[in-house]
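# A look at the structure
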Amino acid sequence: MSARGRSMRNRLLSRAVQIAFLLGLILLWYLATTQWGVSQLLLPNPVAVYHELMNVLSSGEFVPDLKVTLSELAIAFGISSVSGIAFGYLISRSHYLIRVFEPLLAGIYSIPIILFLPLYVLFLGLGPSSKIALGATISFFPIVLNTIAGFGYVDAIFIIAARSMGASDYQMFRYVLVPAALPVILTGLRVGFTVALLSILGSETIASLAGLGHRIVQLAEGMESARMFAYITFAVAIAAILNTAVSTLENRARRR
Amino acid sequence: MRQRNHDQSVRALLLRHPAYARLGIILVLLLCWEIAARWWIDPMFLSPPSRVLGSLTDVVETAGVPAAIGITFFELAVAFVLSVIFGLGIGLAIGLQRFVHRSFMPIVLLLYGTPQITILPLFILYFGIGPPSKIAFGVTHGMFPIIVTVIAGVQNIKPILMTAARSMGANKWQIFRWVILPHMVPSFFAGMRLGMTGVLLGVLLAELYVSSAGIGYFTTIFTQSFDPTKLLGLISILAAMAIVLNELVRRAEVHYGRWRAE
């Protein structure tokens, strides 16, 4: 058999292993609930979960919670990306400022900021504003750090070349700095988006009045396990869709 | 004239040592906080840093707090050790075999990418509200970065080294022990650093969500009784703990990652 045929067969085989693994998990789950008598409260039947999921989707019950979560995410990410890029650009204009601020910001970023959630709740209440503030704070750091890295470490030779060819400040910004910094900034934005989504879901789970995270907790406390599993599936799918969309956007913007 | 000389020397000092300027910024921020908390903001919500610092002993002396910090530290330690064991085991199992790698890597990445916070209520349901649920949640956060970096470390070995070892007649175990293992060390320590970040996140999230004796219990109590002095004190203690733990693994990473750069 040719090498190409063998690699093709290997790929199919590994795909088959993946599918078998996932199917096996679901089968185990099914057997555990129907045959081995695992409590429906701890592990609801996958078929029941599927029905609940269809019910949630068709009744449109998820819409208000999804709206809350997504609007919190949009505002938080808006705040952190605008302030992160602006602040990062200003810092990156001077090597001295980079040396002052970069270790400071990196140091704060290494603390688990989720610790401050009780403070945010104390200041801003249980509503969306505490989630927005927390999400904006946490996602600010990867964005500002990557913006500094992007603008601050543009190869000096490009700048010298553009200057000696008589580029104006605007031309320098538009044709040298931005193209050089963009890939790094985009990575920062993607990481910031993921982190913002996680921290918003997290703070909704811990203390909130509405949103997907809140709904899951509510169902858990009401012992409606099947519906909770359905909502978890839904939330994971939403997160996966959003993250994929952002990665795709990043790749497309980078290629240009 | 003298005044100007003085100004210039201060400027020169700051320019030569950015660390002083950094310290200055932190001090100015603390000063703003102090002023805001003393004169503008309701003391029910914010208390000045001077008072927080003074109350640290009060916080530690509050009945149950030392035990709670101890429990949280215990949860972090156990979760970290378990993450390293699972991460290393699963990472090696997947990374060493090409076919297993191709089959299971997408599944690992899929699981790594899911927002685990959504299944936090399940952990409470299965493991109760005591330390086991925090440990389990910390492990699921800390394990995946270690798995991924261990796999990357195993895969990134230069083929020439493997070929050389094999042509000199090394058997599988010898290749693992003398080629793969030493080459994996730097990325393994990088993974441990990421794993520590994950463990901190997971354990603290679970603690804040629901807790019967750990620090989450006390943050809830201090928040609900509008006692910002103690809340800030407790949070600073925990932040210091997180910084120390992060710094420990970072130092280890720098130390053990050094040989490759030479």
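### Description of the overall build of chain A
For chain A, the helix and strand inventory stands at 10 helices and zero strands. The order of α-helices and β-strands along chain A, N terminus first, is α-α-α-α-α-α-α-α-α-α. In terms of overall dimensions, chain A is more spread out than a globule: its C-alpha atoms have a radius of gyration of 24 Å, far above the 18 Å expected for 256 residues. Along the three orthogonal principal directions, the C-alpha set of chain A runs to about 75 × 70 × 30 Å. Within chain A, residue pairs in contact and separated by at least 24 positions form 75% of the contacts whose partners lie at least 6 positions apart.

### A word on the overall build of chain B
Tallying secondary structure elements over chain B gives 11 helices and zero strands in all. Scanning chain B from its N terminus toward the C terminus, one meets helices and strands in the order α-α-α-α-α-α-α-α-α-α-α. Computed over C-alpha atoms, the radius of gyration of chain B comes to 24 Å, more than 25% over the 18 Å expected from 2.2 N^0.38 for 262 residues, which places it beyond the range of a compact globule. If one aligns the C-alpha atoms of chain B with their principal axes, the spans along those axes are about 75 × 65 × 30 Å. Residues counted as buried form 37% of the 262 residues belonging to chain B. Within chain B, residue pairs in contact and separated by at least 24 positions form 77% of the contacts whose partners lie at least 6 positions apart.

### Points about the domain arrangement of chain B
By the assigned domains, chain B splits into domain 1 (2–40) and domain 2 (58–261). One C-alpha centre belongs to domain 1 of chain B, the other to domain 2 of chain B; they are set 37 Å apart.

### Let's talk about the environment of Gly214(B)
All names here are of chain B. Looking at where Gly214 falls in the secondary structure, it is placed in the loop between α9 (172–209) and α10 (215–224). Since 27 C-beta atoms lie within 10 Å of it, Gly214 is described here as buried. Each C-alpha atom, one on Gly214 and one on Ile71, is 5.8 Å from the other, the two residues being 143 residues apart in sequence. Residue contacts for Gly214: discarding those within four places in its chain leaves Ala68, Ile71, Thr72, Glu75, Lys134 and Glu207.

### Observations regarding the interface of chain B and chain A
Many structure descriptions define interface size as the accessible area lost when the parts assemble. Opposite the 37 residues of chain B that make contact, chain A presents 40 residues. For the side of chain B that touches chain A, the secondary structure elements donating two or more residues are α2 (18–39), α5 (98–113), α6 (120–127), α9, α10 and α11 (228–261) of chain B. Looking at the side of chain B that touches chain A residue by residue, the classes come out as 28 nonpolar, seven polar and two charged.

### As for the domain arrangement of chain A
For chain A, the assigned domains read domain 1 (1–38) and domain 2 (59–255). Domain 1 of chain A and domain 2 of chain A are separated by 36 Å when their C-alpha centres are compared.

### Remarks on the nonpolar core
Among the nonpolar cores identified, the biggest contains 109 residues, and Ala196(A), Ile216(A), Tyr231(A), Leu120(B) and Leu205(B) are the most heavily contacted of them. When residues in this core are grouped by element, the largest group, 15 residues, is from α9(B). Not counting the four nearest positions on each side in its chain, Leu205(B) is found in contact with Ile114(A), Gly202(A), Ile117(B), Leu120(B) and Phe137(B).

### Some thoughts on α6(B)
Residue pairs three or four apart in sequence face the same way in an α-helix, which turns once every 3.6 residues. Those residues of α6(B) lying buried are Leu120(B), Pro121(B), Leu122(B), Phe123(B) and Ile124(B). Where α6(B) is buried, its residues meet α8 (169–206), α9 (212–221) and α10 (225–255) of chain A together with α7 (131–155) and α9 of chain B. Phi for Gly128(B), located one or two positions after α6(B), is positive at around 80°.

### Looking at the environment of Phe87(A)
All names here are of chain A. Here Phe87 shows up in helix α3 (residues 63–92). What makes Phe87 partly exposed here is the crowd of 17 C-beta atoms within 10 Å. Taking the C-alpha atoms as reference points, Phe87 and Val236, 149 residues apart in sequence, are found 32 Å from one another.

### Here we look at the packing of helix α5 (residues 117–124) of chain A against helix α6 (residues 128–152) of chain A
Residue and element names in this part refer to chain A. The geometry of α5 relative to α6 is characterised by a closest axis approach of 9 Å and an angle of 140° between their N-to-C directions. Considering the angle they form, α5 stands oblique to α6. Read as a crossing pair, α5 and α6 show a hand that is right-handed. Residue-level contacts link Leu117, Tyr120, Val121 and Leu124 of α5 to Ser129, Ser130, Ala133 and Leu134 of α6. The residue inventory of the contact of α5 with α6, partitioned by class, reads six nonpolar, two polar and no charged.

### Quick notes on the packing of α8(A) against α9(A)
Residues and elements named next belong to chain A. Direction vectors running N to C along α8 and α9 enclose 35°, while the axes themselves pass 7 Å from each other. For α8 against α9, the interelement crossing comes out right-handed. Facing α8, whose interface residues are Leu201, Gly202, Glu204 and Thr205, α9 presents Leu212, Gly213, His214, Ile216 and Val217. Partitioning the contact of α8 with α9 into residue classes produces four nonpolar, four polar and one charged.

### Quick look at the environment of Thr62(B)
Residue and element names in this part refer to chain B. Relative to the helices and strands, Thr62 resides in the loop between α3 (49–61) and α4 (65–95). Taking the number of C-beta atoms within 10 Å as the measure of exposure, Thr62 has 18 and is therefore partly exposed. Separated by 168 residues in sequence, Thr62 and Lys230 have C-alpha atoms that sit 9.4 Å apart.

Basis of the calculations
- The residue numbering used here restarts from 1 in each chain and proceeds along that chain's sequence as written.
- Written order determines the labels here, with chains lettered from A and ligands numbered from 1.
- Note on the predicted model: pLDDT of at least 70 is required for a residue's local features to be given, and 80 or more for side-chain atom pairs to be given and counted; whole-chain, interface and lining totals, by contrast, use all residues.
- Only runs of H or I of at least four residues qualify as helices and only runs of E of at least two qualify as strands under DSSP, and these elements are numbered from the N terminus.
- With the radius of gyration taken over C-alpha atoms, the globule rule is written as 2.2 Å times the number of residues to the power 0.38.
- The contact criterion used is a C-beta to C-beta distance within 7 Å, with each C-beta placed from the backbone.
- A residue is called partly exposed when the number of other C-beta atoms within 10 Å of its own lies between 12 and 20, exposed at 12 or fewer, and buried at 20 or more, with C-beta atoms placed from the backbone.
- Where each domain begins and ends is defined by an automated method or by a domain database.
- Note on residue categories: nonpolar means Ala, Val, Leu, Ile, Met, Phe, Trp, Tyr, Cys or Pro, charged means Asp, Glu, Lys or Arg, and polar means any other residue, Gly included.
- A set of buried Ala, Val, Leu, Ile, Met, Phe, Trp, Tyr and Cys residues, joined to one another through C-beta atoms within 7 Å, is what we call a nonpolar core.
- In this analysis an axis means a line fitted to C-alpha atoms, helices contributing only their contacting stretch, and an angle means the value between N-to-C directions, from 0 to 180 degrees.
- Note on angle classes: values under 35 degrees are labelled roughly parallel, values over 145 roughly antiparallel, values of 65 to 115 roughly perpendicular, and the remainder oblique.
- Here is the rule for handedness: rotate from the far helix to the near one, and if that takes an anticlockwise turn smaller than a right angle the crossing is left-handed, while a clockwise turn gives right-handed.

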